[in-house]
Structures are given as structure tokens and as C-alpha cells.
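Geometric and topological summary
In case you want the letters, here they are:
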Amino acid sequence: MRKDIVEALEKIVLEKCGDENNFFGEGIGCHIQAVVKNAILLAEKYGADVEVVTIAAWLHDVASITDYKYYEEHHIWGAKMAGELLEKMDYPKAKTELVQRCILNHRGSAVREKCSAEEVCVADADAISHFDSVPALFYLAYVKRGCSIEEGTQFVANKLRRSFAKLSERSRALYQPKYDAVIRTVLGE
């Protein structure tokens, strides 16, 4: 594991999360940390390259937190930014390309075929992270989107449902109990 690169990327990303110009607020840092945690767990379970998955997880939303104008295509811009960052860090080209594919294919609303275990791990971890960072989703709903209580609750519940639906079949089976518990809590059931 290239701890030097992982630690440098963690620092870069968390600084961007704390920047006052970051549209998403501090909750995005919790989201990214949850993606990293879940990506590592999945990589170990699915036999993926843990180093590649960890780096891709730290960088998967780098474009969105750098500038909100990149949000709609943050998967494309993020892959480009990751390539530039990793090239400066002398990371191996083949692994950089795999990191870039993970970032490019992590977004559930931009459905692309995932051709490697690493891509599946990062995409699934991104979706799973929403179950770990529900308060950040409520912040997004109420503070950033100005939702009423009912609208905010539905926004969060719908986001969780979409996230669960985006999971690979294997991860859906693995995370079904967690999803059920979180959705019951959000809806007060």
C-alpha cells in the first residue's frame, strides 16, 4: 500500500471538503470517508486491489468538491483530475488508469459497465456510504435545498432507495439488513 500517496490524497480531499466554497458543506467529508471505509471492506471481500480502491474512493468526488460547476459531470472531471494528481505523485500508469476507470464508473446516475472488481467496489461503496451518512443527506435536503420537513424526509428516503438499487447484486444481498434498518429509521417506522 502506498501510504504516502493515500495520506497525501486524504489531506488534499479533506482540505477541499473544509473549504468555504465547497457547496456540499462539511458533510461531504463524512460521505467520502464512508466511501473509503466501505470500499476497503468490499475490496477485501471481493478480492480487488485495495490500494487502487482506496485511492479511487478518496478521489471519486474530487471534482465536485473542487468546484460545483463540475458536479453534473464530476465523474469525468474527477477522473481527469485524479490522473493529473497521480502523475505528479509518480503513481504507476496502469494503476492510475484503473483508478480513473473507478472514478469514471462510480456514478449511479451515469450508468456504465463496470469491468473490474475495483470499479464495482468503488461504485457500491459510494452508494452504501449514504447509509452511513444520513445526517449529511438531511443537511443537503434542509440547508442546501430548502426542503420542508416532509420534503426533506422524502428526499433522503428516495436517495437511500436509489442508492440501494444501484448496488451490484452481491452487495445488495450483503447490505440488505443495513438498508432496511436505515430506511425504517428515516421514515420513522
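What comes next is a walk through the structure. Counting from 1, residues in each chain are numbered in the order their sequence is written. Residues qualify for local features only when their pLDDT is at least 70, as the model is predicted, and side-chain atom pairs are given and counted only at 80 or more; totals for whole chains, interfaces and linings, by contrast, use all residues. As a convention, hydrogens and water are excluded, and side-chain values are obtained from all of the structure's heavy atoms.

What follows is about the overall build of the chain. In this description a helix means any DSSP run of H or I spanning at least four residues, a strand means any run of E spanning at least two, and both kinds are numbered starting from the N terminus. Of regular secondary structure, the chain possesses ten helices and zero strands. Each helix (α) and strand (β) of the chain, taken in turn from the N terminus, gives the series α-α-α-α-α-α-α-α-α-α. Principal axes of the C-alpha set define a box for the chain whose edges measure 50 × 40 × 25 Å. Here the chain, with 189 residues, has 51% of them falling under the buried criterion. For the exposure calls, accessible area comes from a 1.4 Å probe over protein chains only, and a residue counts as buried if that area is under 20% of its type's maximum, exposed if over 50%, partly exposed in between.

Only buried residues count toward a nonpolar core. Its members are Ala, Val, Leu, Ile, Met, Phe, Trp, Tyr and Cys residues joined through side-chain atoms within 4.5 Å. Ranked by size, the top nonpolar core spans 60 residues in total, and within it Ile55, Leu59 and Val99 carry the most contacts. The contact criterion used throughout is that any non-hydrogen atoms of two residues lie within 4.5 Å. Residue contacts for Ile55: discarding those within four places in its chain leaves Ile5, Val6, Leu9, Leu86, Tyr91 and Val99.

Every case where a carboxyl oxygen of Asp or Glu lies within 4 Å of a side-chain nitrogen of Lys or Arg is listed as a salt bridge. Taken as a whole and judged by the stated rule, the model has nine salt bridges. A salt bridge links Lys37 to Asp132; the nearest nitrogen and oxygen atoms lie 3.2 Å apart. In this pair, Lys37 sits in helix 2 (residues 27-46) while Asp132 sits in helix 7 (residues 117-132), placing the two residues 95 residues apart along the sequence. We classify Lys37 as partly exposed; its relative accessible area is 42%. Among the salt bridges present, the one from Glu119 reaches Arg101, with a minimum N-O distance of 3.9 Å.

We now examine the packing of helix 3 (residues 50-59) against helix 6 (residues 93-104). In a packed pair of helices, the relevant descriptors are the angle between the two axes and the axis-to-axis distance. Note on definitions: angles span 0 to 180 degrees between N-to-C directions of axes, and those axes are lines fitted to C-alpha atoms, for helices only across the stretch in contact. Running from amino to carboxyl end, helix 3 crosses helix 6 at an angle of 50 degrees, the nearest separation of the two axes being 9 Å. With respect to helix 6, the axis of helix 3 lies oblique. Considering how the two elements wind past one another, helix 3 and helix 6 form a crossing that is right-handed. In contact with Glu51, Val52, Ile55, Ala56 and Leu59 of helix 3, helix 6 contributes Lys95, Leu98, Val99, Cys102 and Ile103. Note on terminology: angles under 35 degrees are roughly parallel, angles over 145 are roughly antiparallel, angles of 65 to 115 are roughly perpendicular, and the others are oblique. Helix crossings get a hand from a simple test, with the near helix turned counterclockwise from the far one by less than a right angle marking a left-handed crossing and a clockwise turn marking a right-handed one.

Moving on, we come to the packing of aromatic side chains. Here a pair means two rings of Phe, Tyr or Trp (six-membered ring of Trp) with centres within 6.5 Å. Their orientation is stacked below 30 degrees between planes, edge-to-face above 60, and tilted elsewhere. Counted under the stated rule, the structure contains ten aromatic pairs. Note on Tyr70 and Trp77: the rings are 4.8 Å apart at their centroids and 40 degrees apart in plane angle, and the pair reads as tilted. Tyr70 sits in the buried class, given a relative accessible area of 17%. By relative accessible area, which is 34% here, Trp77 ends up partly exposed.

With a phi angle near 55 degrees, Asp90 is a residue other than glycine that sits in the positive phi range. Of note, Asp90 is situated in the loop between helix 5 (74-88) and helix 6.

The next thing to look at is helix 1 (residues 3-18). A helix's residues, less one, multiplied by 1.5 Å, set its expected span. Spanning 16 residues, helix 1 covers 22 Å between terminal C-alpha atoms, matching the ideal 22 Å at 1.5 Å per step. Of the positions making up helix 1, those classed as buried are Ile5, Val6, Leu9, Val13 and Cys17. Take helix 1 and look down its axis: the buried residues cluster within an arc of 100 degrees, on one side only. Opposite its buried face, helix 1 presents the exposed residues Lys3, Glu7, Lys11, Glu15 and Gly18, each directed more than 90 degrees away. Read the arc as the range of directions from the helix axis to the C-beta atoms.

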